Amino acid sequence: MDSKFQPSLFEKPLYDGWEKTILAHERRGRPYTILMPPPNANASLHAGHGMYVIDDLMIRYKLMTGWAALWVPGMDHAGFETQYVYEKNLAKQGKSRLDFDRQTLFANIYQFVKDNSGLIYQQFKRLGFLAQWSRSVFTLDQPVLDAVFATFVKMEQEKYVYRSDYIVNYCTHCGTSLSELEVDHVERTDPLYYIKYGPFVLATVRPETKFGDTALAVHPRDKRYQKWVGKEIEAAGLLGKFRIKVIADTYVDPEFGTGVVKITPAHDHNDFAVGQRHHLEIKSVIDFSGRLNHRAGPYAGLKVKQARGRVADDLKRAGLLEKVDEHYQHSVTVCYKCRRDLEPMVVPNWFIKVDKLKQPVLAAVKAKAVEFHPRRYVKQMNQWLKTMHDWPISRQIVWGIRIPAWYNVDQNPDLYVVFLDREKKQQQGTIKRLLQQHDLAEIKAGLQKLMADKAARYVVNVSCPGERFLQETDTFDTWFSSGQWPLVTLKKTEYQTRYPTDMLGTLSDILPFWVSRMMMFSLYLRHQVPFKHVYLWSMVADAQGQKMSKSKGNVINPITLVDRYGADAFRAALIFGTSAGSKVNLAEDRVRGMRNFANKVWNIGRFLNLNTQRTAADDQSKATGAASTKIMKKLEREFNEEKQKYGRAMDSYQFARALGQVYQFIWHRLADYYVEQLKAALQHGNIEVQEKLTAVYLANLQMLHPFMPFVTEAVWQVFKGKHASILNSQF
RNA sequence: GGCCGCUUAGCUCAGUGGCUAGAGCGUCUGAUUUACAUUCAGUAGGUCGGGGGUUCAAAUCCCUCAGCGGCCACCA
């Protein structure tokens, strides 16, 4: 044995050995199952992934305590994330998603993901993770698609599915809706118009949307307007007199403008939310091409900006414009691509009714069918579940599982369609109009997106129900498929023996998105919870406790640390002294400290190994006997106590405590005290002492193994032979 | 704005009503031809954020004040 433990000499061969001896063979024993939270398929390892160590240490601990432990890995297509990354790549080539029809775009992204997806498992292996790689499941694999479709069809039949309005950022120039991540915010100075509205004056930057107003709002505690709340007022407008009701909502800032706001639910995010709260009518006045529609009377057909000027001029002429503040500064959201103003627009979306679905989840949490570690998350979970509204499951992106709903083009002449024609020129409009110049096959081939009114007639079916149908272009929210993760990862027979699975480890911030949905789907489809324990990982932060982010430049690459200090040191640094569901500061000092510990472990082994090769010299053996016996008894007592505490900590998910226990015992009791006290006896070849120390040491290697698998296995093989594995030992 | 946390040694943090409140890193003093300098023995360093309460007993439970952080705000 070298005088130092050198991780780089051992890690690869030891891992290869585990793949052959552990992963390649079916285990016997009571089933213990963990499903790996699928990382993004195109991702590479970041420090946060280090927390998968929790899963791995449980797998190893269970393997060594007689369980048939199984860890099933997988990858998520991560809809929006991935498409966004891909599009950034496209942008470097001067292209965008709008240059492709959706089939081609999907195929290209698929290839992109495939090219990038091998890396993260390689990196997981460097950290020592013992998952059944051969069983990896990808969320776009056919069996997953089948399951997701079947679920949707069942939900549709059982009336959990409906279509309703949802407000999105829409670029009328690019013909697409955009998510939060692809909009830019710019500061700009625009005129703020003060418009007379019956007895009120109100301030707005968007007079052209007034045809879509369905209420006026004031702050509930604003004394100036209290007498109007709940009443309808009459006002003169450009299209004649009209009546509109006054509501009170705390969203209104009484300090801003005049304290009165017009509410246009169809064209403003905040107004939409207010509209939902007060059940206001949604009146769209702008169409998908960015022009005003029939509700705008004489302004119909004008583009938004033109209309704004014309409306303002006409209001002034009619004496309805009190004043204009030309220097109003505000923030405007614009398209990341064409930089034009985005139009918040109401687009019909697919929804899942959650009221009935979430009840069994609440009940299961209450009955402790699922336990949370740490426990405080039960409270959060309940809070989230109670306030959870219906779930909008459609996403206006290509990279995902396309919703299996079909629209008959003859029955739905107003379907709004965007597609690339044979010349690769983008065309858009209602299907009725487009079919006058293009045939359906051309439209199908070049289809980019379609939008169907809430009232549109549709058929839900896994495959195309007929010639004259177009499939919905929206894809499922990623959580709709990953929410069914526990239902698609095991083999059929394993659902009898391995379900509910035993532990789910994950970050607390996706508890409401993912964990609650998995429970919901599992209880809905199998009437069982998907897992018994949820362990919340800690967020991995930098040495100062700052969240890692590219913009801060404080991102730590775990592989760099593994190269420098070894996987054991990295793993232990993440666990040592950190509690569940909080934060772990990944300071290099911590990792170095754990590297020193690994070396200590190695050297105790080296010392014992050197001395057990000597044979007993009778005299000394007897001479040291009495004193040694006393110390060995003490050692025995202390070791038993340690072992008990360790077991209790492991079984109650207190991994930091378990590791701390072993660390303290190995270093400061076994090495610093007992080995020192028994050193003379050991060196003189007292066999009893040799055996006792070796036995306690080996048992500690076993306890430490889940946390520091490499050094413990390396020393184990020195004692037990090159073909032995500590994972095949039991304790 | 809503929700959840945090405040304990110089730094980063454990601490689940009950021994003299702990760890890692750092400080300072000393040891050494060593299993390991990635070492060992020792040392200093704490009004457990402030105030109040419950209790035989509070870092721990309750109230309150102050400061800090996270998540969400188009599903809370």
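See the structure shown above.
Definitions and limits used
- Residues numbered from 1 in each chain as written.
- Chains lettered and ligands numbered in written order.
- Predicted model: local features only at pLDDT ≥ 70, side-chain atom pairs only at ≥ 80, totals over all residues.
- Heavy atoms only, no water.
- Helix = DSSP H or I, 4+ residues; strand = E, 2+ residues; numbered from the N terminus.
- Contact = heavy atoms within 4.5 Å.
- Areas by Shrake-Rupley, 256 points an atom, 1.4 Å probe, with all protein chains shown as cover.
- Lys, Arg positive; Asp, Glu negative; His and termini not counted.
- Charge placed at Lys NZ, Arg CZ, Asp CG, Glu CD.
- Pairing = 2+ DSSP bridges.
- Axes fitted to C-alpha atoms, helices over the stretch in contact; angles between N-to-C directions.
- Near = heavy atom within 4 Å.
- Polar contact = N/O pair within 3.5 Å; in protein donor to acceptor, adjacent residues only side chain to side chain.
- Nonpolar A, V, L, I, M, F, W, Y, C, P; charged D, E, K, R; others polar.
- Core = buried A, V, L, I, M, F, W, Y, C linked by side-chain atoms within 4.5 Å.
- Buried < 20%, exposed > 50% of the residue type's maximum accessible area, 1.4 Å probe, protein only.
- Expected span 1.5 Å × (residues − 1).
- Arc of directions from axis to C-beta.
- Parallel < 35°, antiparallel > 145°, perpendicular 65-115°, else oblique.
- Left-handed = near helix turned anticlockwise from the far one by under 90°.

Enquirer: I'd like a description of the overall build of chain A, backed by residues and values.
Expert: Scanning chain A from terminus to terminus reveals 25 helices and 28 strands. Reported as C-alpha extents along the three principal axes, the dimensions of chain A are approximately 120 × 60 × 50 Å. Summarising the internal contacts of chain A: among those between residues at least 6 apart in sequence, 78% fall at separations of at least 24. In the structure as shown, chain A presents an accessible area of about 32,700 Å², 49% of it carried by carbon and sulfur atoms. Separation of charge centres in chain A, based on 100 positive and 76 negative side chains, amounts to 3 Å.

Enquirer: Mind laying out the sheet that holds strand β23 (residues 469-471), listing which residues take part and the relevant values?
Expert: Strand order in this open sheet of 3 strands is β22-β18-β23, and the pairing throughout is antiparallel. Taken across any chain shown, the strands that pair with only one partner, and hence form the sheet edges, are β22 (458-460) and β23. Within this sheet the neighbouring strands show an average axis-to-axis angle of 30°, counted without direction. Pairing of strand β18 (residues 405-408) with β22, which is carried by 3 bridges, proceeds in the antiparallel orientation. Note on β22: the bridge partner recorded for Trp406 is Val459.

Enquirer: Which residues make up the protein's contact with RNA strand B, and what values go with them?
Expert: In the vicinity of RNA strand B there are 45 residues, among which His389, Lys547, Asn585, Gln654 and Trp667 approach most closely. When atoms of RNA strand B within 4 Å of the protein are sorted by moiety, sugar and phosphate together comprise 63%. The separation between a base oxygen of RNA strand B and a polar main-chain atom of Ile167 is 3.0 Å. Asp672 has a polar side-chain atom sitting 3.3 Å from a phosphate oxygen of RNA strand B. Going through the elements one at a time, β5 (161-171), α10 (377-387), β16 (391-392), α16 (511-526), β28 (583-585), α19 (588-612) and α22 (655-677) are the ones with two or more residues in the surface near RNA strand B. Sort the elements by how many residues they give to the surface near RNA strand B and α19 lands first, with 9 residues. Here the surface near RNA strand B is built from residues that sort into 15 nonpolar, 15 polar and 15 charged.

Enquirer: Help me get a handle on the sheet that holds strand β12 (residues 260-263), residues and values and all.
Expert: Read across the sheet, 4 strands follow the order β10-β11-β9-β12 without closing on themselves; strand pairing throughout is mixed. In the strand order of this sheet, the two ends are held by β10 (232-237) and β12, each with one partner. Mean inter-strand twist for the sheet, computed between neighbouring axes without regard to direction, equals 35°. Of the pairings in the sheet, the one linking β10 to strand β11 (residues 240-248) comprises 6 bridges and is antiparallel in character. By the bridge assignment, Ala236 is partnered in β11 with Lys241.

Enquirer: Residues and numbers for the nonpolar core, please.
Expert: Side chains that are nonpolar tend, in soluble globular proteins, to be buried together. Counting 185 residues, the largest nonpolar core has Val417, Phe480, Leu586, Phe655, Leu693 and Phe707 as its most contacted members. Counting residues per element, this core draws most heavily on α22, at 12 residues. What Leu586 contacts, discounting residues up to four positions off in sequence, is Ala47, Val540, Ala541, Asp542, Ala543, Met548, Ile556, Leu561, Phe570, Leu574 and Val591. Of all hydrophobic cores here, the second largest spans 35 residues; its members include Tyr197, Ile233, Leu315 and Met451.

Enquirer: Which residues make up the pairing of β11, and what values do they have?
Expert: One ladder, built from 3 bridges, connects strand β9 (residues 215-218) with β11; its direction is parallel. If you follow Val218 over to β11, its bridge partner there is Ala248.

Enquirer: Lay out helix α8 (residues 304-317) with the relevant residues and their values.
Expert: Over its 14 residues, α8 runs 20 Å from end to end, which matches the ideal 20 Å to within 8%, given 1.5 Å per residue. Residues of α8 that are buried include every one of Val304, Ala307, Arg308, Val311, Ala312, Asp314 and Leu315, and no others. Summarising the axial view, the buried residues of α8 lie within an arc of 170°, below the 170-degree limit, and thus occupy one face. Of the residues in α8, the exposed ones pointing more than 90 degrees away from the buried face are Lys305, Lys316 and Arg317. Backbone geometry just downstream of α8 places Gly319 in the positive-phi region, at approximately 75°.

Enquirer: Help me get a handle on the packing of α22 against helix α24 (residues 687-704), residues and values and all.
Expert: Angle between the axes and distance between the axes: these two values describe a pair of packed helices. At their nearest, the axes of α22 and α24 sit 10 Å apart, and the two run at 160° to each other. One element, α22, and the other, α24, form an angle in the roughly antiparallel class. Our pair here, α22 against α24, has a crossing hand that is left-handed. Contacts between α22 and α24 involve Leu659, Val662, Phe665, Ile666, Leu670, Tyr674 and Val675 from the former and Leu693, Val696, Tyr697, Asn700, Met703 and Leu704 from the latter. Across the contact of α22 with α24, the residue classes tally to 12 nonpolar, 1 polar and no charged.

Enquirer: Break down the environment of His389 for me, with residues and values.
Expert: Checked against the element boundaries, His389 lands in the loop between α10 and β16. The class for His389 is exposed, based on a relative accessible area of 65%. Along the primary structure His389 and Asp502 are separated by 113 residues, whereas in three dimensions their C-alpha atoms are 29 Å apart.

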